[in-house]
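Coordinate inspection notes
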Amino acid sequence: MKIAIGADHAGYRLKDELVGFIQSLGHEVKDFGAFGPESVDYPDYASEVCGQVVSGEADKGILICGTGIGMTIAANKIPGIRCALVHDLFSAKATREHNDSNVLSLGERVIGPGVAQEIVKIWLETEFSQGERHKNRVNKVKQLEEKHTLHP
Ligand code: RB5
């Protein structure tokens, strides 16, 4: 798969560690930064990575900030994105099976690199459940984008 990845200054170290790991799983990684500790704004990186997913240039996206929360909030503003904040293995599997999440968010200040690697591996490997109830719910989530969009 093609994976777009991005982080802010509070997440770039974990991002840098994950890039090689994701490549070792056989995926292609497009790294949108940040590449150092200079203070930056997480919505800018969420926008870059999610843009890749929505356009189809990437199959999935991974975002990292200090908590993962800012990235998640920003990503879920973008139509077509279903971003899941995950810090445990159960949720990594469940959010693929139940929510068909297409972006994963992680907090570098919350979990260590070992757990992060396991989460990424499970999240990348798990398919969306073919159960009708899950498809129906994800379709209802998609409908919310149109229903609550402010039209001038
Ligand atoms: C940066 O200090 C921090 O606020 C950011 O990385 C993230 O945790 C926001 O949700």
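Structure report, in brief. (Residues numbered from 1 in each chain as written. Predicted model: local features only at pLDDT ≥ 70, side-chain atom pairs only at ≥ 80, totals over all residues. Heavy atoms only, no water.)

**Some thoughts on the packing of aromatic side chains**
Basically, it comes down to this: Here a Phe, Tyr or Trp ring, Trp counted by its six-membered ring, pairs with any other such ring whose centre lies within 6.5 Å, and the pair is stacked when the planes are under 30 degrees apart, edge-to-face when over 60, and tilted otherwise. Any Lys NZ or Arg CZ that is within 6 Å of a ring centre and within 35 degrees of that ring's normal is treated as a charge sitting over the ring.
If you walk through the whole model with that rule in mind, you get zero aromatic pairs. Seen from the ring of Trp-123, Lys-60 lies directly overhead, with NZ or CZ sitting 5.7 Å from the centre.

**Digging into the pattern of salt bridges**
For side chains bearing opposite charge, pairing can occur when the charged atoms are close. Condition: Definition used for salt bridges: Asp or Glu carboxyl oxygen within 4 Å of a side-chain nitrogen of Lys or Arg. Whether a residue is buried, partly exposed or exposed follows from its accessible area with a 1.4 Å probe, protein chains only, as a fraction of its type maximum: under 20%, in between, or over 50%, in that order.
What the rule picks out here adds up to eight salt bridges. With a shortest N-O distance of 2.7 Å, Asp-16 and Lys-15 are connected by a salt bridge. Its relative accessible area of 38% is what places Asp-16 among the partly exposed residues. Relative accessible area serves as the criterion here: at 0%, Lys-15 is assigned to the buried category. Members of the salt-bridge network, linked through shared partners, are Lys-15, Asp-16 and Asp-31.

**Digging into the sheet that holds strand β3 (residues 60-65)**
Applied cut-off: Here, strands pair whenever DSSP counts at least two bridges between them. What counts as a helix is a DSSP run of H or I of at least four residues, what counts as a strand is a run of E of at least two, and both are numbered from the N terminus. The axes are straight lines fitted to the C-alpha atoms, using for helices just the contacting stretch, and the angles between their N-to-C directions are given from 0 to 180°. Two residues qualify as a contact provided that any one of their heavy atoms is within 4.5 Å of a heavy atom in the partner residue.
Ordered in space as β2-β1-β3-β5-β4, the five strands form an open sheet in which the pairing is parallel. Of all the strands in the sheet, the pair left with one neighbour each is β2 (28-31) and β4 (83-85). Adjacent strand axes in the sheet meet at a mean angle of 25 degrees, parallel and antiparallel pairs treated alike. Pairing geometry for strand β1 (residues 2-7) and β3, over five bridges, is parallel. For Gly-6, the partnering residue across the bridge sits in β3 and is Leu-63. On the sheet, helix α1 (residues 12-24) packs against β1, β2, β3 and β5 (103-107) and is oriented at approximately 165 degrees with respect to β1.

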